[in-house]
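Structural features, examined
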Amino acid sequence: MDTNNIISPENLVYAKPELMNDNHMHYCPGCSHGVVHKVIADVIMELGLQEKTIGIAPVGCAVFAYKYLDIDWQEAAHGRAPALATATKRLLPDRMVFTYQGDGDLAAIGTAETIHAANRGENIAIIFINNGIYGMTGGQMAPTTLKDMKTSTSPDGRNVQTMGNPLKILDMLALLDGVCLATRTSVHTPAAVKKTRRMIRLAFENSMAGKGTSIVEVVSTCNAGWKMTPAAANDWMVEHMFPVYPIGDLKNI
Amino acid sequence: MAKVKGYVEVNTARCKGCNLCVVACPTDVLELQPREVNDRGYHYVYMKNPDECIGCANCGYVCPDGCLTVYRKKA
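A few points on the structure. Starting from 1, residues in each chain are numbered consecutively following that chain's sequence as written. Chains carry letters from A onward and ligands carry numbers from 1 onward, assigned in written order. At least 70 in pLDDT is required for a residue's local features to be given in this predicted model, at least 80 for side-chain atom pairs to be given and counted, and no such filter applies to totals for whole chains, interfaces and linings, which use all residues.

What follows deals with the overall build of chain A. Of regular secondary structure, chain A possesses 10 helices and eight strands. Here the globule rule reads 2.2 Å times residues to the power 0.38, and the radius of gyration is calculated from C-alpha atoms. Radius of gyration (C-alpha) of chain A: 18 Å, near the 18 Å computed for a compact globule of 253 residues. Projected onto the principal axes, the alpha-carbon positions of chain A cover approximately 60 × 50 × 30 Å. In chain A, of all internal contacts separated by at least 6 residues, the share reaching a separation of at least 24 is 68%. Starting at the N terminus, helices and strands are each numbered in turn, a helix being any DSSP run of H or I of at least four residues and a strand any DSSP run of E of at least two. This entry defines residue contacts through backbone-placed C-beta atoms, with two residues in contact when those atoms are within 7 Å.

Below, the discussion takes up helix α3 (residues 81-91) of chain A. Residues and elements named next belong to chain A. For the exposure call, what matters is how many other C-beta atoms sit within 10 Å of a residue's own: 20 or more marks it buried, 12 or fewer exposed, and in between partly exposed, using C-beta atoms placed from the backbone. When you tally the buried positions in α3, you get eight out of 11 residues, the bulk of the element. When α3 is considered as a whole, its buried residues turn out to be Ala81, Pro82, Ala83, Leu84, Ala85, Thr86, Thr88 and Lys89. Buried residues belonging to α3 abut β2 (53-57), β3 (72-75), β4 (96-102), α4 (103-109), α5 (111-120) and β5 (125-130).

Residues and elements named next belong to chain A. Taken together, seven strands build an open sheet; the order of strands is β3-β2-β4-β5-β7-β6-β8 and the sheet is mixed. Strands at the two margins of the open sheet, each flanked by one partner only, are β3 and β8 (248-252). Strand-to-strand twist across the sheet, computed as the mean angle between neighbouring axes with direction ignored, equals 15 degrees. Bridging between β2 and β4 involves four bridges; their strand directions are parallel. Opposite glycine 55, over in β4, you have phenylalanine 98 as the bridge partner. Those strands touched by helix α2 (residues 32-47) are β2, β5 and β7 (213-219), and its axis lies near 160 degrees from that of β5. Here, any two strands with at least 2 DSSP bridges between them count as paired. Axes, fitted as lines to C-alpha atoms, cover a helix only where it is in contact. Angles between the N-to-C directions of the axes lie from 0 to 180 degrees.

With that settled, the discussion passes to the pairing of β4(A). Residue and element names in this part refer to chain A. Burial analysis of β4 places seven of its seven residues in the buried class, the great majority of the element. Residues Met96, Phe98, Tyr100 and Gly102 point to one face of β4 and Val97, Thr99 and Gln101 to the other, with burial holding for every one of them. Where β4 lies against β5, five bridges are found, and the strand directions are parallel. Paired with tyrosine 100 across the strands is isoleucine 127, a residue of β5.

Taken together, three strands build an open sheet; the order of strands is β1(A)-β4(B)-β1(B) and the sheet is antiparallel. Edge positions in the open sheet fall to β1 (12-14) of chain A together with β1 (4-10) of chain B, since each of these has one partner strand only. Along the sheet, successive strands turn relative to each other by an average axial angle of 30 degrees, direction set aside. Pairing of β1(A) with strand β4 (residues 68-74) of chain B, which is carried by two bridges, proceeds in the antiparallel orientation. Paired with A:Leu12 across the strands is B:Tyr71, a residue of β4(B).

Right, let's get into the interface of chain A and chain B. Taken together, the contact pairs 27 residues of chain A with 27 residues of chain B. Those elements that place two or more of their residues in the side of chain A that touches chain B are α1 (3-6), β1, α2, α8 (190-209) and α10 (230-244) of chain A. Per element, the largest residue contribution to the side of chain A that touches chain B is four residues, and it comes from α2(A). Considering only residue class, the side of chain A that touches chain B consists of 17 nonpolar, eight polar and two charged. Here the term charged refers only to Asp, Glu, Lys and Arg, the term nonpolar to Ala, Val, Leu, Ile, Met, Phe, Trp, Tyr, Cys and Pro, and the term polar to all other amino acids, Gly among them.

Next up on the list: α8(A). Here α8(A) spans 29 Å end to end across 20 residues, near enough to the 28 Å set by a 1.5 Å rise per residue. Of all the residues in α8(A), the buried ones are A:Ala192, A:Val193, A:Thr196, A:Arg197, A:Met199, A:Ile200, A:Leu202, A:Ala203, A:Phe204, A:Asn206 and A:Ser207. At its buried positions, α8(A) is contacted by α2, β4, β5, β6 (179-186) and β7 of chain A together with α2 (58-62) of chain B. One or two residues past the end of α8(A) sits A:Gly210, with phi positive at roughly 70 degrees. To estimate the expected span of a helix, count its residues, drop one, and scale the result by 1.5 Å.

Residues and elements named next belong to chain B. Phi at asparagine 19 is positive, roughly 80 degrees, even though this residue is not glycine. With a phi angle near 70 degrees, alanine 57 is a residue other than glycine that sits in the positive phi range. By the element assignment, alanine 57 lies in the loop between β3 (45-47) and α2. What makes alanine 57 buried here is the crowd of 22 C-beta atoms within 10 Å.

Next comes the structure, spelled out in structure tokens:
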């Protein structure tokens, strides 16, 4: 069959979501951020919330998220995205407000804001990208870094005696009464991407329904920080990250 | 059984040659250009075996940069 016969709108199976614009993304090749951006754009289109969504961008690699998705954005100070989201949602309760944060932002400098926003049961969705490292600043150790994992500030591996244990912040958040959804997903295979899409959709619906705080943790790769190829980083994540951060729902009410 | 024919359109300027779509493809259709590069110096992806494509869109789902548009038609 001639390829010109296939390329027509009625045969379209998959395309870049319309909400994602043509700006070249600054992420490294193979970075999980791009996939999650696409999923968020897709879900917002599906729910018809283009004009009603306000995203809160973090500090970290996703600091420029506002350049790539055509929705309203605010840029928070480092770690303060849940606080800014609280204000936004309370002032404009008919909007869908979500934060997009990495592990250095949410689990280190922003721990207090995250826990208290969740404890108050603010009607926001938190998308948490956990790759166990500070990606933007050059691969330093984060609270979520695995035991014995080598980073630029723990070159001999993370020693739990002196540097502490990997912080399972989602498990902590799931205990709080204000949280209605705490789930862990990944985006390394097509099936995982579809699962993440379902959970992000549920989180956004919870935000609009006023059910409480929803947290979707996406266990991700940082192939540049981990010093691997993107495909090898996915395999490493399955082998090493998943035993510590198991995929699945911790809370879904 | 009706045979399904697929086609993957690549936005070569946007592709960063991360190879994730090549790994995700179940029928070994895609490959990175061995010599050609785009304006940013990345070896972008192309359809090495276009006849094998079934239009499953696995490549599209895992592509971090949204470079791939997938079409499918019954032959």
